[in-house]
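# Remarks on the overall topology
Residue-level listing of the chains:
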Amino acid sequence: MSDDLVNDSPDKTPFQRAWKEYIDQLSPKKKERRFLVNCAHALQEQERSGDSPASAINDAINAAEKKHSMQTSRRIIRKYIDPVVNVLSDFDAIISTLISADPMPTAIIWGALKVIIDGLSRFSNLFETIKKELRSLRDHLEHITDYENLYGKDEKMQKLLCHSYFNIIRFWHRVDKECDNCGFALLKTVTPFSTNKLNSIIGDMQGDSQEISKRASMLQAMDVRGEQGENAEERRRAEEERRAQREFRDERKREAPGERFNNICSLLSSLDTNAPNFLRRDKHLQSCLPGTCEWLLDHPDFVAWSGDISPSPILWIHGPPGSGKSTLCSSISTILSSRSDAVAFHFCDFAQHYKPFETLRMLALQLVYKYWDDVHDIPQELCDVAQSSPSVLENVQSIIKVLVKFQPKVYFLLDGLDEETTGERWKDTVDVLQFLIQLTKDSPTKVRLWCSSQPRPLIKKELEGYSHVDVSVHVKKDIAFYLSKSIPEAEGLEPLDQQKVLQDLHRRAECSFLWANLMIRELQGSPTSLREMKEFVERGLPSTLLDYYGLLFRRFQKSLRPLACKVFAFVVFARRPLRLSELREAIWCLNSKSPGSLNPEDKPFLKQLHEVSQPLIEMTRMTGPAVADGQEDYTCRLFHSTLRDFLLEHPNILSQAGDPSSDLQISAYIAVDACLLYLCQTRYAEPLIRREGRWVDVTGDPVDNQHFLVYAAKYWDKHLDDTAEQHKKEFLRRLETFIISSNFQTCIQVQSLWVELQFCVFRTTDSDERCRFLRRVFPSWFSRETDVGVKLWQDYRRFLHEWKYYLSCGGCHMANPRCRVLPYLGQLDRIWFGALGPSNFLSRFKSQYKSFVFQLEEEPGVGRFFDVVRDDGGALMMLRIQASEGAILQFACETWSLTGQHSPVKENSQIIRASSTLCNWPLYVGNAVHLPLQIGKASPAAFSPDCQTLRIGTKIFAKDAAGNFVALPRLPLHPHQSSAYVEEFCRRDRFVVLACRTKLSTRDVSAGDSLTTPEVKRPPGPISTKYQNGAECSSDDDSTTDSSTESGTESGLENDGYESWSDSSTMFSEDYIFDDDMITPWADHFRDEDDDSKTSDTGVGSDADEALVESDSSDEEDFVSPSAFGYGKKRNEDEYDWDRNYSSDEDGYRNFTVGRTGRHGPYKQEQATITIFDTQTSPEAVQLFHLTRPLQSKVYGSPPIIHPTEPLVVWPLGGGDVLFANFMDKTYFVRRLRPSTLHTRHIFMKCQFSACGRFLHIAALEGQQTIKRPLAEQRVINIAILISTYRLSRRKTSRSPPTLIHRIRVKLGSKESLSVTKLPYTVTWTPKDTYITCSDAVLRVYRIPLFKPEKEALEEEEDVVLMPRKTVFFPESALNRQVHYFPSKSNPDSRGESTAHIIIGSETRRQEQQTLEHGVEFSTIGRTFVGLQGEISPPIGCYINEEADLGGWGRSRDITEIPVQLGIGCLDRRLERFNPDDDCDLEPYIY
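Just so you know, these numbers come straight off a predicted model, no measurement behind them.

## Side note on empty space enclosed by the protein
Evaluation of the coordinates by the stated rule reveals nine cavities of 30 Å³ or more. Forming the boundary of the largest cavity are 15 residues, of which H346, C348, T359, E420 and T429 lie nearest the centre. Within the residue set of the lining of the largest cavity, elements represented by two or more residues are helix 14 (356-375) and helix 17 (423-442). Here the lining of the largest cavity gets four residues from one element, more than from any other, and that element is helix 17.

Have a look at this one:
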């Protein structure tokens, strides 16, 4: 006997100890132990063969039947032994689970049974004789099996269960002994077979059952007592929890209003808060002299407007510049607020432009504060509408409407409309005006609108028909009063002289408070006596305001004029009010004599800056942190808009005639020059670094001290828009140098960190919903009118297409604190710059990853690609559609190789020509008439995983020794096939397998898409491209030999993808070519439809329970749903059909919705067809095997595979069915892999043989529909992957079902829908692990073992699924591209480094045909994008250091426990199908 059976060690299991005791009590005679030795030998044979125990028993029974040829004997063996084998299989699974560390019990029991069957020759009627005892054995096993799930973990119960095994051993041992005692068949009449001792053993087994039952009752009683105590404790905890919940609800009820208020304020607050409005109002109120502005309160139009009932709810106050309109607006706002009315005001500013949603947001915030002060609550309705729309503008408008409803009266005051009357700014202002005017119409008794401005025609047009007041008629008295109170020195003059001076000043000022104030300042500063005052008024004071401006600029000292020119140029042309610290650094940059750096000696003094700024530039002290030198910061702005108009009309005001050195011009050139000089400093040649929580440049200087950096990074291109024509040529060279330099990378980094919404997506409210916009980055004239600008713009847009999501994180006002990009904000070295392509200028920027693109620099960047990565990741095949000449298609086939960490190398390029008719090309490029046929439709071209076979349409090409593809001999169609349609294929040497799961013919498709690259709009300036030289292959089905090749140069022109020009660069939402290929969570993989067509058996052999079926049904045959009969097995998950339900949304896109089965019309039922050919024959290939089977549901992307040495093909059919076909013997069987959860279907089933051929691996992607969700919630698909490993039989590899030896299930998240054309999950096989990679914006790869860990590792942790510890970001298009992860092929070196690589497949999108209108109103939306219209990207890749970049592998929490005893992962035999016609022999059910 084997030593393993009697080994005595101190750590033996309970079974081993009982086994030793059983062995010791046996007689030492050899024949007593012979049976046990035979059991061990049977076990060893089973291990060598690789067969399952049940399979070995089945083979033994077959062998016994051959020895006993009598039919009666066969029936007896099957009749009595099969039930025992079945129940023993279940019992075996239970005991194996309980004592997984001890494989002896199951091995010995199966071995004992096999020894008895092998020895049947000693007593041929054995099972007939002991049939009663066999029934008792079966009942005993069934009885003790029932307790495992409840009490299997109890140690005493385990011992009882194990002891029952020994009684089984005793049973078979006694059978063996009685067979020996009674002799062979000829002696059985002399020594009859005794069953007395067998009955005694059965009695012992019954005793075991009773003991097990008693233990179960005891455990149950213990559980009851434990549950009673637990229930009492649970009730106590529940009461405490209810009390805590009541307290929490009360607290939340008290805090809810404040929380709602904070949420609304947070939503409405941003960088554009109301601080500027309140500062300007306070400034105007401080300058308002008491006794002025009171005339308006008695004006009849104002009285009527502010009353409860007004014929005109809108009042327009207009007058000349400086007539006090802003002061009047400030005074009225204070007066109206004192009445407890809601007042919201806004002062327009020529130095700061606000979008409509920003202006309305400021007005809404004021109303929110007013409502909160009044009632200290926020209505729930306000919270509901705050984010009801993806448009921020619409949300703010809704907030204002709700606030108006809850207020008795609301006044909106808009001042300075004339400062917004230029270009796009006026359009934005009109949008605000029209909204507020509509509010007055909707609520005429509640809403009042005040507008104050200069009398511009544009404003008059919008406000025509409403009440208006001309202030110039009424303010003269206020000006006279203001002059009399503002010159106390004039009181010393004689009354007549005093009156004359005041009249002269009043005459000059007319109705301008501004000019009056400036004259008073001048009188207070220049005259030193009353006489000088009189003379200055008569002769020295300018007559007009403009003359006074000229006088002030001529007073500048000559030494200060260059500084004054720069200061006023910046303030006039600034895109927003500059801070003094920004202004100082900008001038410092212009003064610096050190190229590329700022010399401290050139820094301007603050004293001189203040000197040249007064009095024309107002400096408002800022609240906030002080600047680095300890000085407080100020906001600089012109004191009035009339000064800006004056400087624009007189840019040379500081120049002196005849002095070339004083050629000073206040122009936009100064701001442009400063921005470019500042950004091109050498300290920005490298990206910024985050150190100790602060961003620093390469010199270590904190960016906090570099005040002009953010402004220059944001507005450099906008200042270039103002460049004069004569300067464009100069700036063109500087622009190109800056953009292609590494400084531009730092500029992008600064924009990403500190410029709000710089990279976010926008939409226009008046355009198509699919139309998207991005902020323009390059100057308009540069990107539209110059060739170099067009190229750089295109490169930059490609960059934004891929990385906009990464750059926009954190810069958006809706930033999510849980965003996975946020911790890496500003780290631009994580971007795959190299993957943008060698011709893209950004590909030379610094990155921590070595990335690449499968494209040469001179090759075009667009075109439709069909690509595949070789299964080991070492090569990539790419087929590019080039052109068509009549019915002849032309393709460029490229072979790329990857070695080491080098960029990919194109090893071969080949031109392939094929007839579109003979390869059935229209069948693949055409759209299916019925949507169910379009789902999962095969790609027009595809490669095999090993890159050795190519399919174009239905034509198959094989790679020859030279690496070129040649057409295989013609593959004859089966007589029953209506047309040639191939979805999947595989090849091993001479054998080719063609398969499909859809009955598709030319009648089912409409006209196909264009073959060539889509034509798109592009700016002027052609860009020519060249093709790679290479071999050419012609494919023609009339030829049965290898295709001919020829050398030559193929040239052509493919247009790069561009889009229509607009100021915001329109982006269309992605419209992928597989938009219709989506499966959804409410469909089911069990069809209610069944094929009622006639079937016929073929002559191909099969298992007894499987029939080879070929469908002869026509396309027009009807299918009858079993639900029409009103019977059949009901499944909850059968309510909906996964694949067939769809509808059209409002945009015409096809989506899938819930729908009942059996209501979709006469669509054809899916059927699986597989054909296997031998291609080494002539003139055409020989068909070796053919099978057609109806399908209940489909799987996608699940090609057949061929065993490396045996004539075995494995192909997932659908619905969990897996076909095992021996194409040489023409036999097959089907096994079903059941889903691991309820309401689940298989999406794909990837199969792989191990290199040794002994194992089969299956990766089954499962989609589980969510059930019982509220109707308002979107249903989702819960995605999981089930990895199973099976051991194949060594002796009967192609005929014996595989044995499950390992399984793991991993959750992969959830999706609302799933594209099946390019499934977002890929599988990479290695000898020990499989890698499941998800299409995502970050690397999500699961490393799953294919085999059980070693025994040492098993004691620590089982079934470990690993994921990378660090984050690696992908281009955004990876969300819709297939991502492949290939681990390092070699072991880590001494430093622990190992290099893997990632390959992202090509990107495919459908060209948008509809021309969309471009509007002007922008509002932020989510980050869905993207792409240049019609462009298609080639595959890209990246090398990854698994230690440095991934941080090694850590355990994933997504692994799920698989319930035992459910057969998950097992390949089950199919159930006998229910036939409504033959099996409906019914009788009444009476209970």
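## Some details on the packing of aromatic side chains
This structure, assessed with the given rule, holds 55 aromatic pairs. Site record: aromatic cluster; members linked through ring pairs are W716, F738, F744, F778, W781, F782, Y796, F799, F833, F841 and F845. Here the guanidinium or amino end of R1343 rests over the ring plane of W1449, the centre of that ring lying 5.6 Å away.

## Considering helix 23 (residues 545-554)
Because each turn of an α-helix spans 3.6 residues, side chains separated by three or four positions end up pointing in the same direction. Of all ten residues in helix 23, seven are buried, a share of seventy percent or more. Turning to helix 23, its buried residues are L545, Y548, Y549, G550, L551, L552 and F553.

## Let's talk about the sheet that holds strand 49 (residues 1379-1382)
Spatially, 13-52-50-49 is the arrangement adopted by the four strands of the open sheet, whose pairing is antiparallel. Strands with a single pairing partner mark the edges of an open sheet, and in this sheet they are strand 13 (850-853) and strand 49. Strand after strand, the sheet turns through a mean of 20° between neighbouring axes, direction not considered. Pairing analysis gives four bridges linking strand 49 to strand 50 (residues 1395-1400), with the strands arranged antiparallel. Among the inter-strand pairings, H1380 is bridged to a residue of strand 50, identified as I1399.

## Overview of the environment of N274
Of note, N274 is situated in the loop between helix 10 (196-268) and helix 11 (275-287). A relative accessible area of 6% means that N274 is categorised as buried. Considered as a pair, N274 and T359 are 85 residues apart in the sequence and their alpha carbons are 9.5 Å apart. With near-sequence residues (within four places) excluded, N274 lies in contact with M362, L365 and Q366.

## Comments concerning helix 27 (residues 641-649)
Listing the buried residues of helix 27 in full gives S641, T642, L643, F646 and L647. The secondary structure elements touched by the buried residues of helix 27 are helix 21 (513-525), helix 23, helix 24 (561-573) and strand 8 (634-638).

## Brief notes about the nonpolar core
W450, F568, F570, W716, F744, F799 and W832 are the most contacted members of the largest nonpolar core, which totals 169 residues. Tallying contributions element by element places helix 24 first for this core, with ten residues. Ignoring sequence-local partners within four residues, the contact set of F744 consists of W716, F738, I739, F778, Y796, F841 and F845. Ranked by size, the runner-up nonpolar core spans 47 residues in total, among them W372, L403, W426 and V430.

## A short note on the state of the cysteines
Linking two cysteines covalently through their sulfur atoms gives a disulfide. Under the counting rule described, the total for this entry stands at zero disulfides. For C589, which is in no disulfide, the shortest distance to another cysteine sulfur is to C675 and amounts to 8.9 Å. Overall, C589 belongs to the buried group, its relative accessible area being 7%.

## Structural notes on the pattern of salt bridges
Going through the model one piece at a time under the given rule, you end up with 42 salt bridges. Notably, a salt bridge pairs R637 with D349, separated by 2.1 Å at the nearest N-O pair. Taken as a pair, R637 in strand 8 and D349 in the loop between strand 2 (342-347) and helix 14 lie far apart in primary sequence, 288 residues in all. Judged by its relative accessible area of 7%, D349 falls in the buried class. Through salt bridges with shared partners, a single network forms among E233, E234, R236, R237 and E240.

## A closer look at the sheet that holds strand 38 (residues 1217-1222)
On the basis of which strands lie adjacent, the open sheet formed by five strands has the order 36-37-38-39-55 and antiparallel pairing. Sheet topology places strand 36 (1201-1202) and strand 55 (1467-1469) at the edges, where each strand pairs with a single neighbour. Across two bridges, the pairing between strand 36 and strand 37 (residues 1208-1214) is antiparallel. The partner of I1201 across the bridge, within strand 37, is V1210.

## Description of the side chain of T1330
Looking at the secondary structure, you find T1330 in strand 46 (residues 1329-1334). Using a relative accessible area of 0% as the deciding quantity, one classes T1330 as buried. Engagement of the side chain of T1330 in a polar contact is seen with the backbone oxygen of T1324, the distance being 3.2 Å. With residues near it in sequence (within four places) discarded, T1330 still touches I1283, V1323, T1324, W1325, Y1342, R1343, I1344 and L1346.

## Thoughts on unusual backbone geometry
Residue P615 follows Q614 across a cis peptide bond; omega there is 0°. Summarising the element assignment, P615 is placed in the loop between helix 26 (606-613) and strand 7 (617-621). Look at S340: it is not a glycine, yet its phi comes out positive at around 70°. Phi is positive for C947, which is not a glycine, with a value near 65°. Here C947 lies in the loop between strand 19 (941-943) and strand 20 (949-952). Judged by its relative accessible area of 2%, C947 is buried.

Parameters at a glance
- Residues numbered from 1 in each chain as written.
- Predicted model: local features only at pLDDT ≥ 70, side-chain atom pairs only at ≥ 80, totals over all residues.
- Heavy atoms only, no water.
- 1 Å grid on protein atoms, 1.4 Å probe; cavity = no way out; pocket = protein on both sides within 12 Å on 5 of 7 lines; lining within 4 Å.
- Points joined across faces, edges and corners; volume = space filled by probe spheres on them.
- Helix = DSSP H or I, 4+ residues; strand = E, 2+ residues; numbered from the N terminus.
- Phe/Tyr/Trp six-rings, centres within 6.5 Å; stacked < 30°, edge-to-face > 60°.
- Lys NZ or Arg CZ within 6 Å of the ring centre and 35° of its normal.
- Buried < 20%, exposed > 50% of the residue type's maximum accessible area, 1.4 Å probe, protein only.
- Pairing = 2+ DSSP bridges.
- Axes fitted to C-alpha atoms, helices over the stretch in contact; angles between N-to-C directions.
- Contact = heavy atoms within 4.5 Å.
- Core = buried A, V, L, I, M, F, W, Y, C linked by side-chain atoms within 4.5 Å.
- Disulfide = S-S within 2.5 Å.
- Salt bridge = Lys/Arg side-chain N within 4 Å of Asp/Glu carboxyl O.
- Polar contact = N/O pair within 3.5 Å; in protein donor to acceptor, adjacent residues only side chain to side chain.

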